[in-house]
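# Commentary on secondary and tertiary structure
Below are the chains, spelled out letter by letter.
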Amino acid sequence: MHGNDVEHWRGAAADWIAWARTPGHDAFWAYRDALAALIGPGDGAPAVDIGCGEGRVSRLLGDLGWTVSASDGVAEMAEAARDLASAPRIDVAPANALPYKDAAFSLVLLYNCLMDIEDLDAALAEARRVAAPSARVFVSLVHPVADLLADDALLAAHRHAPGARSYFDDRPIDAQVASGGLAMHFSGWARPLTAYTQALARAGFADLRLHEPAPSDDAVHARHAKWARLPLFLWMEARAA
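These remarks concern the structure in this document. Nothing here was measured: the structure is a model prediction, and the numbers come from that model. (Residues numbered from 1 in each chain as written. Predicted model: local features only at pLDDT ≥ 70, side-chain atom pairs only at ≥ 80, totals over all residues. Heavy atoms only, no water.)

## Section: the overall build of the protein chain
The helix and strand tally for the protein chain stands at nine helices and nine strands. A compact globule built from 241 residues should have a C-alpha radius of gyration of about 18 Å, and the protein chain, at 17 Å, falls within 12% of that. A fraction of 68% describes how many contacts in the protein chain between residues 6 or more apart in sequence connect residues 24 or more apart. Accessible surface for the protein chain amounts to roughly 11,000 Å². Of this, 54% is attributable to carbon and sulfur atoms. Of the side-chain charges in the protein chain, 21 are positive and 31 negative, and the distance between the mean point of each set is 3 Å. (Helix = DSSP H or I, 4+ residues; strand = E, 2+ residues; numbered from the N terminus. Rg over C-alpha atoms; globule rule 2.2 N^0.38 Å. Contact = heavy atoms within 4.5 Å. Areas by Shrake-Rupley, 256 points an atom, 1.4 Å probe, with all protein chains shown as cover. Lys, Arg positive; Asp, Glu negative; His and termini not counted. Charge placed at Lys NZ, Arg CZ, Asp CG, Glu CD.)

Below is the structure:
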């Protein structure tokens with residue numbers, strides 16, 4: 001994050017921390033076990049959580065045995081992550097200017113942050129710089145299908161209407177969401193899948209694999225049940241070429 005990205009999330013930080021830390025509220029908790037299984041044990045190897053937010057994924061990486069460094073462009077987020085000792089090292093830094101050495105990490109994780117960053121190429125170039133040879137990069141996104149379903153204006157537009165938005169465009173997201181007594185203002189970009197896969201390739205990542213996780217069985221009977229039939233998240237794995 002940088003510039004306008006940081007300004008939005010600085011203003012939304014308190015709401016996001018409450019949203020993310022309310023037990024079982026955010027969809028992350030319905031996918032946590034699947035995420036842990038896919039990432040796997042770290043055995044002490046170094047990992048970086050870029051755009052760590054309040055630190056929940058950093059804490060998961062630590063639980064899996066990775067030696068974690070974490071960063072976020074929003075100081076309020078980094079401070080919240082420090083409050084729960086989410087990682088041994090937590091820095092305030094935008095995704096395009098990380099304070100880490102070249103080739104420092106065996107795992108580079110960008111969990112649900114790339115859709116909040118306008119300049120994909122700058123963020124992924126920096127992710128590639130800090131990735132060790134053959135390091136894994138793991139990216140989580142809100143699935144482009146979920147973005148499409150949420151875009152009422154796009155779905156309502158006639159496909160031949162002049163100037164109508166398209167799935168193939170980078171489209172701004174600006175949504176006020178209320179759920180379970182909490183409110184959150186989300187802002188970012190909805191992009192087609194190829195925008196991300198091509199950006200990963202340009203940055204020097206290869207051997208791309210895609211995953212469309214389903215929520216846990218417990219979540220299927222609760223507030224995230226519809227995502228047992230439709231994909232909410234898209235997970236991408238690649239290697240530093």
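## Thoughts on a nonpolar patch on the surface
Among the surface-exposed residues, V145, L149 and L230 lie close enough to one another that they form a single nonpolar patch of about 210 Å² accessible area. Along the chain, the position of V145 falls in helix 6 (residues 144–150). (Patch = residues over 30% accessible without salt bridge, like charges linked within 9 Å, V, L, I, M, F, W, Y side chains within 5 Å. Salt bridge = Lys/Arg side-chain N within 4 Å of Asp/Glu carboxyl O.)

## Focus on the sheet that holds strand 4 (residues 105–111)
If you walk across this open sheet you meet the seven strands as 3-2-1-4-5-9-8, and the pairing is mixed. Two strands lie at the open edges of the sheet, namely strand 3 (89–92) and strand 8 (205–211), each paired on one side alone. Strand-to-strand, the axes of this sheet are offset by a mean angle of 15°, without reference to chain direction. When strand 1 (residues 46–50) meets strand 4, the two strands line up parallel, connected through four bridges. Among the inter-strand pairings, D49 is bridged to a residue of strand 4, identified as L109. (Pairing = 2+ DSSP bridges. Axes fitted to C-alpha atoms, helices over the stretch in contact; angles between N-to-C directions.)

## Focus on the pairing of strand 3
In this structure, strand 2 (residues 67–72) lies alongside strand 3, joined through four bridges in parallel fashion. Bridge pairing links S69 to R89 in strand 3. Handedness of the crossover is the feature at issue here: the chain leaves strand 2, passes through helix 4 (residues 75–83), returns alongside strand 3, and the resulting connection is right-handed. (Right-handed = clockwise from strand over helix to strand, strands pointing away.)

## Digging into the pattern of salt bridges
Under the definition given, this model contains 14 salt bridges. A salt bridge links E76 to R10; its shortest N-O distance comes to 3.9 Å. Within this pair, whereas E76 is found in helix 4, its partner R10 is found in helix 1 (residues 4–21), the two being separated by 66 residues in sequence. Relative accessible area serves as the criterion here: at 36%, E76 is assigned to the partly exposed category. With a relative accessible area of 36%, R10 lands in the partly exposed category. Between R89 and D91 there is a salt bridge, with the nearest N and O atoms lying 2.8 Å from each other. A relative accessible area of 37% means that R89 is categorised as partly exposed. (Buried < 20%, exposed > 50% of the residue type's maximum accessible area, 1.4 Å probe, protein only.)

## A closer look at the packing of aromatic side chains
Applying the stated rule across the entire model yields 11 aromatic pairs. Ring centres 6.2 Å apart and planes at 75° place the aromatic pair W16 and F186 in the edge-to-face group. In this pair, W16 sits in helix 1 while F186 sits in strand 7 (residues 182–190), placing the two residues 170 residues apart along the sequence. Note on F186: relative accessible area 24%, which makes it partly exposed. (Phe/Tyr/Trp six-rings, centres within 6.5 Å; stacked < 30°, edge-to-face > 60°.)

## Comments concerning helix 3 (residues 56–63)
For helix 3, the complete set of buried residues consists of R56, V57, S58, L60 and L61. Where helix 3 terminates, the next one or two residues include G65, which has phi positive at roughly 95°.

## Let's talk about the environment of D151
With respect to the secondary-structure elements, D151 resides in the loop between helix 6 and helix 7 (152–156). Separated by 16 residues in sequence, D151 and Y167 place their C-alpha atoms 9.5 Å apart. In contact with D151, not counting residues within four places along its chain, are R165 and R171.

## Some thoughts on the packing of helix 2 (residues 28–39) against helix 3
Remark: helix 2 packs on helix 3, axes separated minimally by 11 Å, with the N-to-C direction vectors making an angle of 40°. Relative to helix 3, the element helix 2 is oriented oblique. The hand of the helix 2/helix 3 crossing is right-handed. From helix 2, F28, W29, R32, L35, A36 and I39 reach across to helix 3, where they touch R56, V57, L60, L61 and D63. Of the residues belonging to the contact of helix 2 with helix 3, the class tally is eight nonpolar, no polar and three charged. (Parallel < 35°, antiparallel > 145°, perpendicular 65-115°, else oblique. Left-handed = near helix turned anticlockwise from the far one by under 90°. Nonpolar A, V, L, I, M, F, W, Y, C, P; charged D, E, K, R; others polar.)

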